[in-house]
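These are the residues of each chain, in order.
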Amino acid sequence: MDQVKKRNPGEDEFHQAVMEVLESLEPVIERHPEYKKAGILERIVEPERQIMFRVPWLDDKGNVKINRGFRVQFNSAIGPYKGGLRFHPSVYLGIIKFLGFEQVFKNSLPGLPIGGGKGGSDFDPKGKSDNEIMKFCQSFMTELYRHIGPDLDVPAGDIGVGAREIGYLFGQYKRISNSYRAGVLTGKGLNYGGSLARKEATGFGLVYFVREMLSAHNSSLKDKTIVISGAGNVAIYACQKAQEYGAKVIAMSDSKGYIYDKNGIKLDTVKQIKEVERKRINEYINHHPEAEYHEGQKEIWELKCDIALPCATQNDINEESANILINNGVIAIGEGANMPCTNEAIKTFLNNKILLAPAKAANAGGVATSALEMSQNSLRLSWSFEEVNKKLDNIMVNIFKTASDAAAKYGKSENYVAGANIAGFLKIADTMIAQGLV
Ligand code: GLU
């Protein structure tokens, strides 16, 4: 950990992500001296390749704008680098490295051949015209295209990158590479190689994982009160699936505040506001005056609930919010976002025997379905919604079992955070040993 901090100064989120994993791995390293001998820990925290580039573009007024682009190709032991692109003003190398590091372990869990990578830019899509988004995406891809490919590195979406952006990125890739390689990006539109159920996959997968975790403790989602932070792709489809299982979702949020609807969130309204109109969540109360809107980012965790699903962004639940949730009787947390709980919050939940579905396992349904999209692209076929959804459900059932078994095997029963980290690590570590010192 000291080495990581020294070699990567100022990258707090990356340090945090590495710390969480290294703590989980202690019993593994004790039991397996071969990992130490092969220098696996030293190698696994060092990205295989880090790319940073200038992204110049002109805004609608003709002003020159310069952003920074990133792609961190973290680990290719088990497959081509795979992971999303995040467009958000908070993006810097430390954020992309934390996300890329997490992606390595996450992508190891579904049992599909995908390595770990992540990319993005400090570009802020908020308030930009469609034309500006397109010009930015085209400029971004004009540099990125030389570093990616269906057998090399396959980006997808993350915060700020959805179907619209993937479309513009794909169009530019196709043009400048003079090739139609559908498998170079995932999360594509359905007309050009996208997979049915990819859009829903992260949120649905999260709820499938939580269902498995509750069921292992003789509980279920039925009639549970749920609070979901975020109102993006993960939050919306987590809400949909939770409602299908008979839970009541009472709140959702964006970075400015949250909506509280004691009768249960009307998801069609949220979809209209976020997916069609691209507006803020406070619009909800114009449609449903009986609901309330409250300013603030962390205040949503003061609502009493049985299950909390943080689906917004990193470090959404800190120790203080964790204690409030526990005092209000929460029984389970499902991490839909990447690293939404601080390490202190995770410890607080585990010490209080709250069930915690960790991001690397619980939100792996998105990237797993991206891998299914890659399979369909290679086959030049598309599977039905039901087929993909069934595969996703099976994958989540297996991930829960894998994480749960690994936790038990290493003396950390019921600690799915450790279980997911350990199971994800073992496959990567064994593969790295098999492939020699590279
Ligand atoms: N950004 C998503 C994640 O954090 C999806 C990545 C992908 O589909 O490649 O896993």
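Residues numbered from 1 in each chain as written. Predicted model: local features only at pLDDT ≥ 70, side-chain atom pairs only at ≥ 80, totals over all residues. Heavy atoms only, no water.

Peer 1: Which residues make up the packing of aromatic side chains, and what values do they have?
Peer 2: Evaluation of the coordinates by the stated rule reveals 19 aromatic pairs. Note on Phe53 and Phe140: the rings are 5.3 Å apart at their centroids and 50° apart in plane angle, and the pair reads as tilted. Linking Phe53 in strand E1 (residues 49-58) with Phe140 in helix H6 (residues 130-144), this pair joins segments that are 87 residues apart in sequence. We classify Phe140 as buried; its relative accessible area is 0%. Consider the rings of Phe400 and Tyr416, whose centres lie 5.1 Å apart with planes at 50°: the pair is tilted. Placement of the pair is Phe400 in helix H16 (residues 385-409) and Tyr416 in helix H17 (residues 416-434), with a sequence separation of 16 residues. Look at Phe400 and you get buried, because its relative accessible area is 7%. An aromatic cluster of three or more residues is present, and its members are Phe53, Trp57, Phe87, Phe123, Phe136 and Phe140. Sitting over the ring of Phe123, Lys128 keeps its end group 5.4 Å from the ring centre. Directly above the ring of Trp383 sits Lys391, whose terminal nitrogen or CZ lies 4.4 Å from the centroid. (Phe/Tyr/Trp six-rings, centres within 6.5 Å; stacked < 30°, edge-to-face > 60°. Helix = DSSP H or I, 4+ residues; strand = E, 2+ residues; numbered from the N terminus. Buried < 20%, exposed > 50% of the residue type's maximum accessible area, 1.4 Å probe, protein only. Lys NZ or Arg CZ within 6 Å of the ring centre and 35° of its normal.)

Peer 1: Can you explain the pairing of strand E10 (residues 307-310)? Please cite residues and give values.
Peer 2: Of the two faces of E10, both are covered, the one formed by Ile307 and Leu309 as well as the one formed by Ala308 and Pro310. Bridge analysis of strand E6 (residues 225-229) against E10 gives four bridges, and the strand direction is parallel. Bridging across to E10, Ser229 finds its partner in Pro310. The pairing of E10 with strand E11 (residues 332-334) spans two bridges and is classified as parallel. Each bridged residue has a counterpart across the sheet, and for Ala308 the counterpart in E11 is Ile333. Once the chain exits E10 it traverses helix H12 (residues 319-327) before rejoining the sheet at E11, and the crossover so formed is right-handed. (Pairing = 2+ DSSP bridges. Right-handed = clockwise from strand over helix to strand, strands pointing away.)

Peer 1: With reference to specific residues and values, describe the side chain of Glu335.
Peer 2: As for its position among the elements, Glu335 is in the loop between E11 and helix H13 (343-351). Buried charge without a salt bridge: Glu335, with Lys360 as the nearest opposite-charge side chain at an N-O distance of 7.1 Å. Looking at Glu335, its side chain comes within polar contact range of the main-chain nitrogen of Ala359, at 2.7 Å. Contact partners of Glu335, with chain neighbours within four places excluded, come to Leu206, Pro310, Pro340, Cys341, Ile346, Leu356, Ala357, Pro358, Ala359, Ala362 and Asn363. (Lys, Arg positive; Asp, Glu negative; His and termini not counted. Salt bridge = Lys/Arg side-chain N within 4 Å of Asp/Glu carboxyl O. Polar contact = N/O pair within 3.5 Å; in protein donor to acceptor, adjacent residues only side chain to side chain. Contact = heavy atoms within 4.5 Å.)

Peer 1: Which residues make up the nonpolar core, and what values go with them?
Peer 2: Counting residues in hydrophobic clusters, the biggest one holds 98 residues, and the most contacted among them are Phe101, Ile228, Met252 and Phe425. A per-element tally of this core places H17 first, with 10 residues. Counting residues in hydrophobic clusters, the runner-up holds 22 residues, among them Ile250, Leu303, Ile317 and Phe349. (Core = buried A, V, L, I, M, F, W, Y, C linked by side-chain atoms within 4.5 Å.)

Peer 1: Break down the pattern of salt bridges for me, citing the residues and quoting the values.
Peer 2: Counted under the stated rule, the structure contains 20 salt bridges. In this structure, the salt-bridge partner of Asp130 is Arg164, at a minimum N-O distance of 3.1 Å. Taken together, the residues span a long stretch of sequence, with Asp130 in helix H6 and Arg164 in helix H7 (residues 163-177) at a distance of 34 residues. Note on Asp130: relative accessible area 39%, which makes it partly exposed. Of the charged contacts in the structure, one is a salt bridge between Arg164 and Glu165, with a shortest N-O distance of 3.1 Å. Accessibility expressed as a relative area gives 4% for Glu165, which makes it buried. Where salt bridges share partners, they join Glu20, Glu102 and Lys360 into one cluster.

Peer 1: With reference to specific residues and values, describe the packing of helix H2 (residues 12-31) against H17.
Peer 2: Interhelical geometry of H2 versus H17 gives an angle of 70° and a closest axis separation of 9 Å. One finds that H2 runs roughly perpendicular with respect to H17. Contact residues: Glu20, Val21, Ser24, Leu25, Val28 and Ile29 in H2; Val417, Ala418, Asn421, Ile422, Phe425 and Leu426 in H17. Residue composition of the contact of H2 with H17, grouped by class: nine nonpolar, two polar and one charged. (Axes fitted to C-alpha atoms, helices over the stretch in contact; angles between N-to-C directions. Parallel < 35°, antiparallel > 145°, perpendicular 65-115°, else oblique. Nonpolar A, V, L, I, M, F, W, Y, C, P; charged D, E, K, R; others polar.)

Peer 1: Give me the site of the ligand: which residues, what numbers.
Peer 2: Close contacts around the ligand come from 13 residues, with Lys82, Lys106, Gly157, Asp158 and Ser370 the closest. One of the backbone nitrogen or oxygen atoms of Gly157 is found 2.9 Å away from a nitrogen atom of the ligand. Contacts to the ligand include Asn338, whose side-chain N or O atom sits 3.1 Å from an oxygen atom. For the ligand, whose free accessible area comes to 300 Å², the fraction covered by protein is 94%. Elements supplying a minimum of two residues to the shell around the ligand: strand E3 (81-87), helix H5 (93-108), strand E5 (153-157) and helix H15 (364-379). Sorting elements by how many residues they give to the shell around the ligand places E3 first, with three residues. (Near = heavy atom within 4 Å. Areas by Shrake-Rupley, 256 points an atom, 1.4 Å probe, with all protein chains shown as cover.)

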